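Listed below are the residues making up each chain.
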Amino acid sequence: MFTGIVEELGEVVALVGADGDSAVLTVRGPLVTGDVRHGDSIAVNGVCLTVTEASDGAFTADVMAETLHRSALAALRVGSPVNLERAATLGSRLGGHLVQGHVDGVARLLSREPGEAWEVLRFSLPSELARYVVEKGSITVDGVSLTVTEVTDDTFSVSLIPTTLKLTVLGQKGVGDPVNLEVDVIAKYVEKMLGGHRAG
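Q: Got a sec to walk through the pairing of strand E5 (residues 58–64)? Specific residues and values, please.
A: Extensive coverage of E5 is indicated by the burial of 5 of its 7 residues. Pairing geometry for strand E2 (residues 22–28) and E5, over 7 bridges, is antiparallel. In the strand pairing of E5, Ala23 is matched with Val63. Note: strand E4 (residues 47–55) against E5, 4 bridges, orientation antiparallel. Bridge pairing links Ser55 to Ala58 in E5. Linking E4 to E5, which pair antiparallel, is a turn of 2 residues; within it Asp56 sits at a positive phi near 50°.

Right, here's the structure in full:
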């Protein structure tokens, strides 16, 4: 479980096999590897990965076919910046919202509108996820917990403060770039429970 508060901007050191059924990803992240152990979870652009090796400020994780197909990790290249967050502990502050690190879909950045003290980013919204996205609700974009400021049938917008632009990959994304989306898990559980109630 994560909170969507990025701890560190890491860098891809290697990505082997991303065009096949599995891949091995190595990421440099001195902060998140400071206390890492084999088997720990680290979110990479919002994707929960299990550490298989760690040394010299970098960690390695296996990426299975399901993850490659459902996320934008296969688009990463050596040198790509990535958002990193260690799994939350019971004593962690919940600065964002409950994030599982299980990507629901991939969106694309449609536009950037700079303001005086913020920037509005507009993304495509996959049709199968639209029912979970509401204005003022929470969404995770590349592992960053954000508040939806506007939503249409096929797009949503978020407003980013300078800190988020500086300390996450969202400040570097260009129009057309893919991003990982995770909708609020509470919305999915509510839908399931209400659906079961109606069926009963």
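Let's pick the thread back up.
Q: Help me get a handle on the pairing of strand E12 (residues 178–183), residues and values and all.
A: The buried fraction of E12 amounts to 6 of the 6 residues, a majority that puts the element mostly inside the structure. Where burial is concerned, the two faces of E12 agree: the one with Pro178, Asn180 and Glu182 and the one with Val179, Leu181 and Val183 are both buried. Alignment of strand E7 (residues 105–114) against E12, held across 4 bridges, turns out to be antiparallel. Paired with Ala107 across the strands is Val179, a residue of E12. With 3 bridges joining them, strand E9 (residues 138–141) and E12 adopt antiparallel strand pairing. Across the sheet, Ile139 pairs through a bridge with Val183, a residue of E12.

Q: Can you explain the pattern of salt bridges? Please cite residues and give values.
A: Under the counting rule described, the total for this entry stands at 8 salt bridges. Residues Arg112 and Glu119 are paired through a salt bridge, measuring 2.8 Å at the closest nitrogen-oxygen approach. You can call Arg112 partly exposed: its relative accessible area is 22%. A network of salt bridges, in which partner residues are shared, links Glu7, Asp35 and Arg86.

Q: Residues and numbers for the sheet that holds strand E1 (residues 8–16), please.
A: The pairing of strands in a sheet comes from backbone hydrogen bonds and takes either a parallel or an antiparallel form. The strand order around the closed barrel formed by 6 strands is E1-E2-E5-E4-E3-E6, and the pairing between neighbours is antiparallel. For this sheet, the mean angle separating the axes of adjacent strands, direction not counted, is 45°.

Q: Break down the nonpolar core for me, with residues and values.
A: Ranked by size, the top nonpolar core spans 22 residues in total, and within it Phe123, Ile139, Val141, Leu146, Phe156, Val158 and Leu181 carry the most contacts. Counting only elements with at least two residues in this core, the list comes to E7, strand E8 (119–124), E9, strand E10 (144–151), strand E11 (155–160) and E12. Leave out the neighbours within four places in its chain, and Leu181 touches Val103, Asp104, Gly105, Ala107, Ser124, Pro126, Leu129, Ile139, Thr140, Val141 and Phe156. Formed by 20 residues, the second largest nonpolar core is a distinct cluster that contains Val12, Ala23, Val32 and Val63.

Q: Please give an account of unusual backbone geometry that cites residues and values.
A: You will see that Asp56, though not glycine, has its phi angle at about 50°, which is positive. With respect to the element layout, Asp56 can be found in the loop between E4 and E5. The phi dihedral of Asp142 is positive, around 50°, even though this residue is not glycine. In this structure, Asp142 sits in the loop between E9 and E10. Asp142 gets classed as buried once you look at its relative accessible area, which sits at 1%.

Q: Could you give me a rundown of the sheet that holds E8, with the residues and numbers involved?
A: In spatial order, the strands read E7-E8-E11-E10-E9-E12; together these 6 strands close into a barrel with antiparallel pairing. Across the sheet, the axes of successive neighbouring strands diverge by a mean angle of 45°, strand direction being ignored.

About the thresholds
- Here the residue index of a chain counts from 1 through its sequence in written order.
- Where local features are concerned, this predicted model is filtered to residues with pLDDT of at least 70; where side-chain atom pairs are given and counted, the filter is 80 or more; whole-chain, interface and lining totals use all residues.
- With hydrogens and water set aside, each side-chain value is computed from the structure's full complement of heavy atoms.
- To sort residues, take the accessible area from a 1.4 Å probe on protein chains only and compare it with the maximum for the residue type: under 20% means buried, over 50% means exposed, and anything in between is partly exposed.
- The way it works is that DSSP assigns letters per residue, a run of H or I at least four long becomes a helix, a run of E at least two long becomes a strand, and they are numbered from the N terminus.
- Pairing between strands is defined by DSSP: at least two bridges between the two strands are required.
- For salt bridges, the criterion is a side-chain nitrogen of Lys or Arg within 4 Å of an Asp or Glu carboxyl oxygen.
- Under this scheme, a helix contributes an axis fitted over its contacting stretch, all axes are lines through C-alpha atoms, and angles between N-to-C directions fall in the 0 to 180 degree range.
- Definition used in this section: a nonpolar core is a set of buried Ala, Val, Leu, Ile, Met, Phe, Trp, Tyr and Cys residues joined via side-chain atoms within 4.5 Å.
- We call two residues in contact whenever any of their non-hydrogen atoms come within 4.5 Å of each other.

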